[in-house]
Amino acid sequence: MSKSLHRTVVPASRRGILAVLTTVVLVGSLAACTSSPTTPEPSDVAVADGGELVIGAEQEPDCTDWIATCAGSIWGSYIMQTPTLPSVFQTRQVDKEWVPVPSDLVAGEPVAEVADDGTQTITYSINPDAVWSDGEPITSADFEYTALQIRDGDDIFDKTGYDRISAIDATDPKTAVVTLDSAYAGWRTLFSVYGLMPAHLLDGQDRSALMTDGYDFSGGPWKIEKWTRGTSVTLVPNENYWGEKPHLDKVTFLFLPDTTAAFQALKSGQVSALYPSPQLDALTQIEAGLPGIQSQVDARSGNLEAIWLNNAAAPFDSVAVRQALAYSIDRDAIVKRLFGSLGIDKAQQSFNSPMVAPFASDDFSQYTLDLDKVDELMKGDGWKKNSDDVWAKGGETATFSIKTLAGNKRRDLTVQVLQSQLADAGFEMTIDQVTPADLFGTIAPEGDFQAGIWALVDTFPDPTLSSTFSSVNIPSEANGFSGINFYRTDIPGLDDLLGQVDSEIDTDARIDVSHEADALIAENVPSLPLDAVPNVLLWSDKVAGPLQINPVEGPFWNLAEWGLAG
């Protein structure tokens, strides 16, 4: 998975404030996964102080420079960014909803005001107790440094919101006043999705070089002790953290990209917890019962899986071909095959995930399997079927490669079903398995693909598709390969609508314009949404604490509260 600023690849949207409006679906323990409309209750087993845990990690990030495009894998945020970098807002459960709340980095709710001239100021009062791991205070200079690195830097993952910053007043070390040149409805994402970086250690230095392979500073409860590429990451407590300190002495994340092998590692005791992409065989085993292993499943997910199409590469540089592809696929049948056992059998009809359901329309529901429509669209675009029953035009055939991550059995099944359905419609699809580091580090940013299948993960409960589909976020040499519009989407009129979604302060008006944008996106099919991927957390009886899936921040959001069973 990857992340998007208000989500992520998941390139995860760090979406936020409107989760309270989200009305979404079920959850529960696996045994009751289709019956409960609420988030699973946290596990509640007494915790002993001390000891170590080894946890399986499905993906390894390409780098730890979190604002750079190389940090696109959401797993990097789960295992290293969230535990070490302080953020202004954290997503926490309030009245059964996951909403952004101010963290202990700040002394209270930041004050956001929109002036008559349309500019917006946000005032952050910094907790006087907040310090970095070397004992230096966290100050407004850290806000200024972080903001300018994102706004003015090259190779930035997503500048949404930061690109509106016109001034930062850091004259008071414990108060940062940020001015935006226009109102930004998603202002809570600022200094929350990326977190804060230490100016006293990085200013004037090569940030990218210093942070690429891990770093020894921290403003969170944990520090990175060691990252052995290809093997593991080890965290130890930050002794200078001003909040509640971890119970455990050490946590090691062992990279296990093969989901079958990871499941075996849990059953054998090699690892004590997993957060796996839901796999059919694993779900079947969990439902049958696993001695000594507990589980939670949460369908209230910000993980949106889709078939991503490169709009600048043949054959998907044609709207008609993209629409024809959408009519070639029985998405409901795929979703039912993958998640029917969880009671999920309908395709996602918007790129806005269930975490921001009020902002999502159902315009993609028009695309159901219809081979007559495929013929009509392809012939209208000048294609004819050749002797192999594959569409051909100008000496080229409707043949394309789809990138998928190696070792993911669920995706293997998905692309195999897709391959069969598309062949019936006259498309020839080949499958190319790649690593997350290659996919999100180089292939996707450089546009070196025709199609791919992966998930975007919302990393903040706030709606925005501008990071995903705005043309200004197409990575290129000219912008230092910043942005996560890997799909090279450039739809006339869409930038303006997405900009209105980002700027509109009135919630009802914001929802209306979001629906307008959804309709335009569906009409042009820049890519095709498949499903919202449920979250699954598994752990052995030796693990204690309030374990609970956080659908935005992932499974390790409260790792400091984990421990060995007392």
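Our structure's up above, just so we're on the same page.
Structure report, in brief. This one's a predicted model, so the numbers in the text were calculated from it and none came from an experiment.

On to the overall build of the chain. Along the backbone of the chain there are 14 helices and 26 strands. For a compact globule of 566 residues, the expected C-alpha radius of gyration is about 24 Å, and the chain comes in at 23 Å, within 12% of that figure. Across its three principal axes, the chain shows a C-alpha extent of roughly 70 × 65 × 40 Å. Every one of the 566 residues in the chain was classed for burial, and the buried ones make up 61%.

Among the secondary structure elements, Asp508 is positioned in helix H14 (residues 507-524). The class of Asp508 is exposed, set by a relative accessible area of 55%. For Asp508 and Phe359, which are 149 residues apart along the polypeptide, the C-alpha to C-alpha distance reads 9.5 Å.

Here we come to the packing of aromatic side chains. Applying the stated criterion across every chain, the model contains 30 aromatic pairs. Their ring planes at 90° and their centres at 6.4 Å tell us that Trp132 and Phe217 sit as a pair that is edge-to-face. Linking Trp132 in the loop between strand E8 (120-125) and helix H2 (140-152) with Phe217 in the loop between helix H4 (207-211) and strand E11 (222-228), this pair joins segments that are 85 residues apart in sequence. The burial state of Trp132 is the same as that of Phe217; both residues are buried. Lying across the ring of Trp227, Arg229 places its NZ or CZ 4.1 Å from the centre.

What follows covers the state of the cysteines. In total, this model carries one disulfide according to the counting rule given. One disulfide in the model links Cys63 with Cys70; its S-S distance is 2.0 Å. On the sign convention where negative is left-handed, the bridge of Cys63 and Cys70, at about 80° about the S-S bond, is right-handed. Pair check on accessibility: Cys63 and Cys70 agree, each one buried.

With six of its six residues buried, strand E12 (residues 232-237) lies for the most part within the structure. By the alternation rule, side chains of E12 split into Ser232, Thr234 and Val236 and Val233, Leu235 and Pro237, which are all buried. Of the pairings in the sheet, the one linking E11 to E12 comprises six bridges and is antiparallel in character. The residue bridging Lys226 from the neighbouring strand is Thr234, located in E12.

Further remarks concern the side chain of Thr414. By secondary structure assignment, the location of Thr414 is in helix H10 (residues 409-425). Aside from chain neighbours lying at most four places away, what touches Thr414 is Ile334, Leu338, Ile453 and Leu530.

Okay, the nonpolar core next. Nonpolar side chains in soluble globular proteins generally cluster together in the buried interior. Core analysis: the biggest nonpolar cluster contains 157 residues, and Phe191, Phe427, Phe556 and Trp562 have the highest contact counts within it. Apart from residues no more than four positions distant in its own chain, Phe427 is found in contact with Val321, Ala324, Leu325, Ser328, Val374, Met378, Trp391, Ala398, Phe400 and Leu422.

Further remarks concern the sheet that holds E8. Hydrogen bonds along the backbone pair up the strands of a sheet, which may run parallel or antiparallel. Taken together, the four strands give an open sheet; going across it, the order is E7-E8-E10-E9, and neighbouring strands pair in antiparallel fashion. Sheet topology places strand E7 (111-114) and strand E9 (165-172) at the edges, where each strand pairs with a single neighbour. Each adjacent strand pair in this sheet contributes to an overall mean axis angle of 15°, direction not counted.

The next point concerns the pattern of salt bridges. With the rule as written, the count across this model stands at 12 salt bridges. Across the pair Lys403 and Asp432 runs a salt bridge, and its minimum N-O distance is 2.5 Å. Residue Lys403 is found in strand E20 (residues 399-405), and its partner Asp432 is found in strand E21 (residues 428-434); the two are separated by 29 residues along the sequence.

Conventions used here
Each residue is numbered by its place in its chain's sequence as written, counting from 1. Totals for whole chains, interfaces and linings use all residues, but because this is a predicted model, local features are given only for residues with pLDDT of at least 70 and pairs of side-chain atoms are given and counted only at 80 or more. Hydrogen atoms and water are omitted, and side-chain values are computed over all heavy atoms in the structure. Numbering of helices and strands runs from the N terminus, with a helix taken as a DSSP run of H or I at least four residues long and a strand as a DSSP run of E at least two residues long. Values of the radius of gyration come from C-alpha atoms, whereas the globule rule sets the reference at 2.2 Å times the count of residues to the power 0.38. For every residue, the accessible area (1.4 Å probe, protein chains only) is compared with the maximum for its type, and the residue is labelled buried under 20%, exposed over 50%, or partly exposed between those bounds. Two rings belonging to Phe, Tyr or Trp (six-membered ring only in the last case) form a pair when the distance between their centres is within 6.5 Å. Interplanar angles under 30 degrees mark stacking, angles over 60 mark edge-to-face geometry, and anything in between is tilted. Charge-over-ring placement is defined geometrically: NZ (Lys) or CZ (Arg) within 6 Å of the ring centre, and within 35 degrees of the ring normal. When two cysteine sulfur atoms lie within 2.5 Å, the pair is treated as a disulfide. Here, strands pair whenever DSSP counts at least two bridges between them. Any pair of residues with heavy atoms lying within 4.5 Å of one another is described as a contacting pair. For our purposes a nonpolar core is just a set of buried Ala, Val, Leu, Ile, Met, Phe, Trp, Tyr and Cys residues, chained together by side-chain atoms within 4.5 Å. The axes used here are C-alpha line fits, helices contributing only the stretch in contact, and every angle between their N-to-C directions lies in the interval 0 to 180 degrees. We define a salt bridge as a contact between a side-chain nitrogen of Lys or Arg and a carboxyl oxygen of Asp or Glu at a distance within 4 Å.

Everything listed here is a matter of coordinates, which is why it stays silent on function.
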